[in-house]
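Structure at a glance
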Amino acid sequence: MAARKYDAIVIGAGSMGSSACFHLAAQGYRVLVLEQFDTVPHDKGSHAGQSRIIRKAYFEHPDYVPLLNRAYENWKQLEKITGEQVYFKTGLLYCSPLQHEVMEGVKSAASKFNIELKTIADPSAFPAFSLAEGDAMLLEPDAGFLLPEKCIELYLREGLKRGAELKTGERVLEWEREGAYLKVLTNKSVYYTSKLIITAGAWAENVIRQLSVPFKVTRQVIVWVEPENPVDYVPERFPCWLIAGENINGVWYGFPYLTGDRFPGPAGLKFALHYPGDETDPDHVKREVTDAEILSITNEAKKYFKPAGAKRVAVKTCLYANTMDEHFIIDHLPGYDGDVTIACGFSGHGFKFASVVGEILADLSVKGKTNLPAGFLGLKRFQQKA
């Protein structure tokens, strides 16, 4: 039987791959998505865990803000197409010394792009947080959270409705140029494509191979707790939050109390530290979380977020794929004349961008370029540092 040929093959059906699938299929391209795990979404990579923060006052770099504006538009489009809600507006509370680099970055991005921020003059308005003298509170009203698993499910569903194909349980063993096509060999079959998009998350280095930019895959621990009065923490009454300080490596972040049919997953307040954890092999991750690890996390977190010391209801691990500068990589892979496009190294802050990254990948793959301002995420920045 002749091997099947596609306009585009996407390796990885997670955050970015599902979005790329939809954006390509919506333009009429014949798309195949290959996923190494048997189920999509799955809990082995970076996208699982019930919720992800979305915000615009981006302290990491103001160049992300135009992409975030487009991401908000695309998430709204997904909701309109499907009739399903994936974005929940709760606001995001920033707690930090005013002169801290995180707070400075938030204020700078907000000023440059006219993003609304509210100063919380009375800290007692949010008694769940323990502020040090000199700390300040800013609220970004239009921030909130997304449901990652649901987003992925909807993008894949809509892509399949438009003619895309999804193969689960197919691990890519190798790929190479063969004549006018790219040949992709999996553990089950062989396929040919004009364009290849690699969105393999923590497995990116294994699949791309030719990429000379180092990655560090790290194991991250997330905790859910049950507060004494859950009604005080529901999304209608309590924001997402982020805490930075001179004595904190990274930032603490968390969510309102989520439960019920709208928010499948653990019922509780979810929180974690955004900072690279222990380095790991994505195929051999220590998934069990020890009591000592949990105690260390909760004891540190409750210095800043009082409910962190409440009854634990769930823990899980996820993976970060970290670049050297903690910024994403979205570009053509050198040596393939624009026929191979990669998106990787999202460094633990990528999911909110998935709706726009899929659009960028579709543009780069079939048009060779994109009008969206993503050039600062290209590979050239690493060559400049060399």
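Up top you'll find the structure we're talking about.
1. A look at the packing of helix α1 (residues 15-25) against helix α4 (residues 148-161)
Look at α1 against α4: their axes get within 8 Å of each other, and the N-to-C directions meet at 30 degrees. Taken together, the axes of α1 and α4 are roughly parallel relative to one another. The element α1 and its partner α4 pack so that their crossing is left-handed. Residues Ser15, Ser18, Ser19, Cys21, Phe22, His23 and Ala25 of α1 form the contact with α4, whose participating residues are Ile152, Tyr155, Leu156, Glu158 and Gly159. In terms of residue class, the contact of α1 with α4 is built from six nonpolar, five polar and one charged.

2. A closer look at the nonpolar core
Nonpolar side chains in soluble globular proteins tend to be buried together. In this structure, Trp75, Ile330 and Phe353 are the most contacted members of the largest nonpolar core, which totals 78 residues. Those residues within four positions of Phe353 in sequence are excluded, and the remaining contacts are Tyr58, Tyr64, Leu67, Leu68, Ala71 and Phe328. Residues Ile11, Trp175, Val207 and Val213 belong to the second largest nonpolar core, which totals 33 residues.

3. Notes on the pattern of salt bridges
Where charged atoms from two side chains of opposite charge approach closely, those side chains can pair. Under the criterion given, the structure shown has 22 salt bridges. Put simply, Arg157 and Glu158 hold a salt bridge, and the shortest N to O gap is 3.3 Å. Each of the salt bridges in this network shares a partner with another, and the network as a whole consists of Arg157, Glu158, Lys161 and Arg162.

4. Points about the sheet that holds strand β4 (residues 87-89)
The three strands are arranged β3-β8-β4 in an open sheet whose pairing can be described as antiparallel. This sheet does not close on itself; its edge strands, each paired only once, are β3 (52-54) and β4. With strand direction ignored, the average angle separating the axes of adjacent strands in the sheet is 30 degrees. Summarising the sheet, β3 and strand β8 (residues 144-146) pair through three bridges and their orientation is antiparallel. Of the residues in β8, the one forming a bridge with Arg52 is Leu146.

5. A closer look at helix α3 (residues 101-113)
With 13 residues, α3 should cover 18 Å at 1.5 Å per step; its first-to-last C-alpha distance of 18 Å lies within 8% of that length. For α3, the complete set of buried residues consists of Val102, Met103, Gly105, Val106, Ala109 and Ala110. The buried residues of α3 all sit within an arc of 160 degrees when viewed along its axis, so they share a single face. In α3, those exposed residues whose orientation departs by more than 90 degrees from the buried face are Glu101, Ser111 and Lys112. Taken together, the buried residues of α3 touch α2 (65-82), β5 (92-97), β7 (135-140), β14 (240-243) and β15 (251-258). Positive backbone phi, at 55 degrees, marks Asn114, one or two positions downstream of α3.

About the thresholds
Residues numbered from 1 in each chain as written. Predicted model: local features only at pLDDT ≥ 70, side-chain atom pairs only at ≥ 80, totals over all residues. Heavy atoms only, no water. Axes fitted to C-alpha atoms, helices over the stretch in contact; angles between N-to-C directions. Helix = DSSP H or I, 4+ residues; strand = E, 2+ residues; numbered from the N terminus. Parallel < 35°, antiparallel > 145°, perpendicular 65-115°, else oblique. Left-handed = near helix turned anticlockwise from the far one by under 90°. Contact = heavy atoms within 4.5 Å. Nonpolar A, V, L, I, M, F, W, Y, C, P; charged D, E, K, R; others polar. Core = buried A, V, L, I, M, F, W, Y, C linked by side-chain atoms within 4.5 Å. Buried < 20%, exposed > 50% of the residue type's maximum accessible area, 1.4 Å probe, protein only. Salt bridge = Lys/Arg side-chain N within 4 Å of Asp/Glu carboxyl O. Pairing = 2+ DSSP bridges. Expected span 1.5 Å × (residues − 1). Arc of directions from axis to C-beta.

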